[in-house]
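In case you want the letters, here they are:
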Amino acid sequence: MGYKTIVGLEIHVELLTKTKIFCNCVNEFGGDANTHCCPVCLGLPGAIPKLNKGALEFGIKAGLAFNCQISEWVKMDRKHYFYPDLSKGYQVSQDDNPLCRNGYVEIEVEEGLKRIGIQRIHMEEDTGKSIHTEGGDTLVDYNRAGVPLIEIVTAPDINSSEEARMFLENLRNILRYIEVSDCKMEEGSLRCDVNINVVDTETGKKTNITELKNLNSFKAVASAIEYEERRHISLLEKGENTAKETRRWNEVENKTVVMRDKGSADNYRYAVDVDVLPVVIEKEWIDEIRDSLPELPHQKKERFIKEYALPEYDAGVLTQSKELAQFYEETNKYAKDPKQVSNWVMGDVLRRLNDEEMEIEDLKFQPKDLADLLEFINAGKISNNIGKKVLREMFETGEKPEAIIKKKGLIQISDEGELEGIIEKVLDENQQSVIDYKNGKDRALGFIIGQVMKATKGKANPQLVNKMVRERIEKR
Amino acid sequence: MISKEEILQLAGMCKLKLSDEEIEIFGAMFSNVLEQVKGLDMVNTEGIKPLYFLNSANKSLREDVAGDSLDREEVLKNAPEEEYGYFKLKKVMD
Ligand SMILES: [Zn+2]
């Protein structure tokens, strides 16, 4: 008995253009309610929309980055439905002639690279935003109405929550690399709906597709898929089927709940929007955009492996964001050992950033400062552990490593004469440990070395202490 | 002839409530229009590509440059009610 999960995703991404898709109101998150509105985005009678060249360019850029074919021409269609945050009574979208088709994104699964197909990417406008008050009213802000979106629709090629998460991460990284969107789920600039069903691989029996909404993080996407997997399978096992319905993810209770059933299929009455004139996309323009594409995450990763001789894992982590990759490369310009830089960036730097929910751009110190710090360590002037302390200080104050080391007197003690006295004193105070070590208890050595490090506030050169302590004990 | 169900479905999508009498009236009107449009079916369109626009001049793109929006008072002029600069409506839930 086996079951296979089948998942397809629909992802809406807000584009980072300066203006809205059909008017020159600014496209900006936030702002006082209803201050970025004009007759076009409010849908006032007689207003004439004009397609934003920048939005179209971003759409094409995304299509190319996802290996799609770009349509030779563009028309827009009206998708009719009623909702207060939809100013015109229809959303301008694309129906039968999407801007991009037949692309893919690769993810790494155990068996190697797996292609997740992208069926289409189309352009559309965002809607306004409704707030439902406790008093029973709905307040509407149309600042977001007309913000350019692309909707990315995948093929049902995803077979687990883990694959969905990897796909979304890759998709987001690529969109950020090409700078068409900031992809902030918490601000709604990336939104993801899930279509899921399960097939019994023995009998071929399939459950009906459930649509999942209200997924506010990649984690929510993964949890909702896992929840639905279990729900679909348990129904199949009972010989039952799922209802064709839309369900909402409830983060608090960790489960999905029915939103509406799809029994009466939506009828959007798509019709060509003849107000928006059609546009022929010249091949030269597409070539120009293709040439302008930056190095994409997987290309950068390959280069890091070759150029810096990094393990695949390191290269993958460091190229997750363009900014992180840039920080790494910049540090490397001043440092000698790419693997050491990688260890520090992936280790202490990233860990601290994650703990504080900061981005690499928020760092108070420069790549060169990290390289300088590593140089102090490599030259034996400070120990690795002291280096970590200095880095913590750099995080907080942004001070140069040299200044911190001087100010705090952290220069490593590598002078045998200076250490000798300290070691003798420690040995005198811990005679039992000396005896223990001589009797073959290796652990006692560690204890003694620890005491010496403590006495020097961690500043003693550890290798030297190790060597000297052994010698001194031998002599006793 | 358009059926009563179809009229009701259309009305539902338009959020309209129709009386029995109105259903009759609209039914007759819709049937009439559809009958006339059916005349187009007589034209042989085989092998002819759909034409969406008569004007296909390719100068219809707008540069991505910000301009002025309306003042908020202007925006809210037609609002049934307003609160904190928002359009205020009766509660709508999906
Ligand atoms: Zn506008």
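Everything numeric here is computed off the predicted structure, so don't read it as measured data. (Residues numbered from 1 in each chain as written. Chains lettered and ligands numbered in written order. Predicted model: local features only at pLDDT ≥ 70, side-chain atom pairs only at ≥ 80, totals over all residues. Heavy atoms only, no water.)

Draft legend 1. Summary view of the domain arrangement of chain A. Residues and elements named next belong to chain A. We note that the domain assignment places domain 1 (3-284), domain 2 (295-407) and domain 3 (416-474) within chain A. Here the C-alpha centroids of domain 1 and domain 2 sit 36 Å apart. Buried area between domain 1 and domain 2, summed over both chains or domains, comes out near 740 Å², and the portion from carbon and sulfur atoms is 53%. Its largest share of buried area at the contact with domain 2, domain 1 owes to Glu108, Asn173 and Tyr177, together 71% of the area lost on that side. Our count for the contact surface shared by domain 1 and domain 2 stands at two salt bridges. Between Lys322 and Glu179 there is a salt bridge; the shortest N-O distance is 3.3 Å. The interface formed by domain 1 and domain 2 contains five residue pairs in polar contact (both at pLDDT 80 or more). (Domains from an automatic or database assignment. Buried area = accessible area lost by both parts, 1.4 Å probe. Salt bridge = Lys/Arg side-chain N within 4 Å of Asp/Glu carboxyl O. Polar contact = N/O pair within 3.5 Å; in protein donor to acceptor, adjacent residues only side chain to side chain.)

Draft legend 2. Fine view of the coordination of the zinc ion. Here the zinc ion is held by the protein donor atoms Cys23 of chain A (SG), Cys25 of chain A (SG), Cys38 of chain A (SG) and Cys41 of chain A (SG), which lie 2.3 to 2.4 Å from it. Because the angles between the four donor atoms bound to the zinc ion fall within 100 to 114°, the donor set is best described as tetrahedral. (Donors = N, O, S within 2.8 Å, 3.2 Å for Na, K, Ca; no water. Tetrahedral: all angles 85-135°; square planar, octahedral: opposite > 155°, others 65-115°.)

Draft legend 3. Region of the structure containing the sheet that holds strand S5 (residues 90-93) of chain A. Residues and elements named next belong to chain A. As summarised here, the arrangement of the three strands in space is S5-S4-S15, forming an open sheet in which the pairing is antiparallel. At either end of the open sheet lies a strand with only one pairing partner, and these are S5 and strand S15 (271-272). As judged from the two bridges shared by strand S4 (residues 77-80) and S15, these two strands associate in the antiparallel manner. Counterpart to Asp77 in the pairing with S15 is Val272. (Pairing = 2+ DSSP bridges. Helix = DSSP H or I, 4+ residues; strand = E, 2+ residues; numbered from the N terminus.)

Draft legend 4. Structural context of the side chain of Thr246 of chain A. Examined against the element boundaries, Thr246 of chain A turns out to sit in strand S13 (residues 245-250). Polar contacts involving the side chain of Thr246 of chain A include one to the side chain of Glu211 of chain A, which spans 3.2 Å.

Draft legend 5. Fine view of a nonpolar patch on the surface. Taken together, the side chains of Ile25, Phe26, Met29 and Phe30 of chain B present a nonpolar region at the surface, about 360 Å² in accessible area. Relative to the helices and strands, Met29 of chain B is located in helix H2 (residues 20-37). (Patch = residues over 30% accessible without salt bridge, like charges linked within 9 Å, V, L, I, M, F, W, Y side chains within 5 Å. Areas by Shrake-Rupley, 256 points an atom, 1.4 Å probe, with all protein chains shown as cover.)

Draft legend 6. Quick look at the sheet that holds strand S1 (residues 82-83) of chain B. Taken together, the four strands give an open sheet; going across it, the order is S8(A)-S9(A)-S2(B)-S1(B), and neighbouring strands pair in antiparallel fashion. A single partner strand is all that each edge strand has here, and the edge strands are strand S8 (129-132) of chain A together with S1 of chain B. Relative to strand S2 (residues 86-90) of chain B, strand S9 (residues 137-141) of chain A is paired through four bridges, and the arrangement is antiparallel. Of the residues in S2 of chain B, the one forming a bridge with Thr138 of chain A is Leu89 of chain B.

Draft legend 7. Layout of the nonpolar core. Residues and elements named next belong to chain A. Of all hydrophobic cores here, the largest spans 80 residues; its most connected members are Ile11, Phe66, Ile152, Phe167, Leu175 and Val194. When neighbours within four sequence positions are excluded, Leu175 is seen to be in contact with Val13, Ala62, Phe66, Ile150, Ile152, Val180, Ser181 and Cys183. Ranked by size, the runner-up nonpolar core spans 37 residues in total, among them Leu324, Val349, Ala371 and Ile405. (Core = buried A, V, L, I, M, F, W, Y, C linked by side-chain atoms within 4.5 Å. Buried < 20%, exposed > 50% of the residue type's maximum accessible area, 1.4 Å probe, protein only. Contact = heavy atoms within 4.5 Å.)

Draft legend 8. Representation of the interface of chain B and chain A within the structure. Between chain B and chain A, the residue contacts involve 37 residues of the former and 54 residues of the latter. Of the roughly 3,900 Å² buried at the junction of chain B and chain A (both faces included), carbon and sulfur atoms supply 60%. Area buried by chain B at its contact with chain A is led by Phe53, Arg62 and Asp64 of chain B, which between them contribute 19% of it. Put simply, chain B and chain A have two salt bridges between them. Looking at the side of chain B that touches chain A, the elements that each hand over two or more residues are helix H1 (4-13), helix H3 (72-75) and S2 of chain B. Grouping the constituent residues of the side of chain B that touches chain A by class yields 17 nonpolar, eight polar and twelve charged. (Nonpolar A, V, L, I, M, F, W, Y, C, P; charged D, E, K, R; others polar.)

Draft legend 9. Quick look at the layout of surface pockets. Residues and elements named next belong to chain A. The calculated volume of the second largest pocket comes to roughly 1,000 Å³. If you go around the second largest pocket, you meet 27 residues; those closest to its centre are Arg172, Arg176, Ser321, Met358 and Glu359. It is helix H3 (residues 161-177) that provides the largest number of residues to the lining of the second largest pocket, a total of four residues. Classifying every residue of the lining of the second largest pocket by side-chain character gives nine nonpolar, seven polar and eleven charged. Inspection of the lining of the second largest pocket shows a minimum of three residues originating in each of domain 1 (3-284) and domain 2 (295-407). (1 Å grid on protein atoms, 1.4 Å probe; cavity = no way out; pocket = protein on both sides within 12 Å on 5 of 7 lines; lining within 4 Å. Points joined across faces, edges and corners; volume = space filled by probe spheres on them.)

Draft legend 10. Here's a closer look at empty space enclosed by the protein. Residues and elements named next belong to chain A. For the coordinates displayed, the defined rule picks out one cavity of 30 Å³ or more. Space inside the largest cavity adds up to approximately 50 Å³. Residue lining of the largest cavity: Cys41, Asp85, Leu86, Ser87, Lys88, Glu125, Asp126, Thr127, Gly128, Ala145 and Gly146, and that is the complete set. Here the lining of the largest cavity is built from residues that sort into three nonpolar, four polar and four charged.

Draft legend 11. View of the pattern of salt bridges. All names here are of chain A. With the rule as written, the count across this model stands at 48 salt bridges over all chains. Asp77 is paired through a salt bridge with Lys75; the nearest N and O atoms lie 2.7 Å apart. Neither residue differs from the other here; Asp77 and Lys75 are each classed as buried. Between Arg352 and Glu396 there is a salt bridge whose closest N-O contact spans 2.8 Å. Taken together, the residues span a long stretch of sequence, with Arg352 in helix H9 (residues 338-355) and Glu396 in helix H11 (residues 384-397) at a distance of 44 residues. You can call Arg352 buried: its relative accessible area is 16%. For Glu396, a relative accessible area of 47% gives the class partly exposed. Put simply, Glu295, Lys300, Arg303, Glu307 and Glu329 are held in one network by salt bridges that share partners.

Draft legend 12. Layout of the pairing of strand S12 (residues 210-213) of chain A. All names here are of chain A. Pairing analysis gives three bridges linking strand S11 (residues 190-200) to S12, with the strands arranged antiparallel. Bridge pairing in S12 places Val194 opposite Leu212. By the bridge criterion, four bridges tie S12 to S13 in an arrangement that is parallel. When the sheet's bridge partners are listed, Leu212 is paired in S13 with Arg247. Following the backbone out of S12, through helix H4 (residues 218-237) and into the adjacent parallel S13, one traces a crossover that is left-handed. (Right-handed = clockwise from strand over helix to strand, strands pointing away.)

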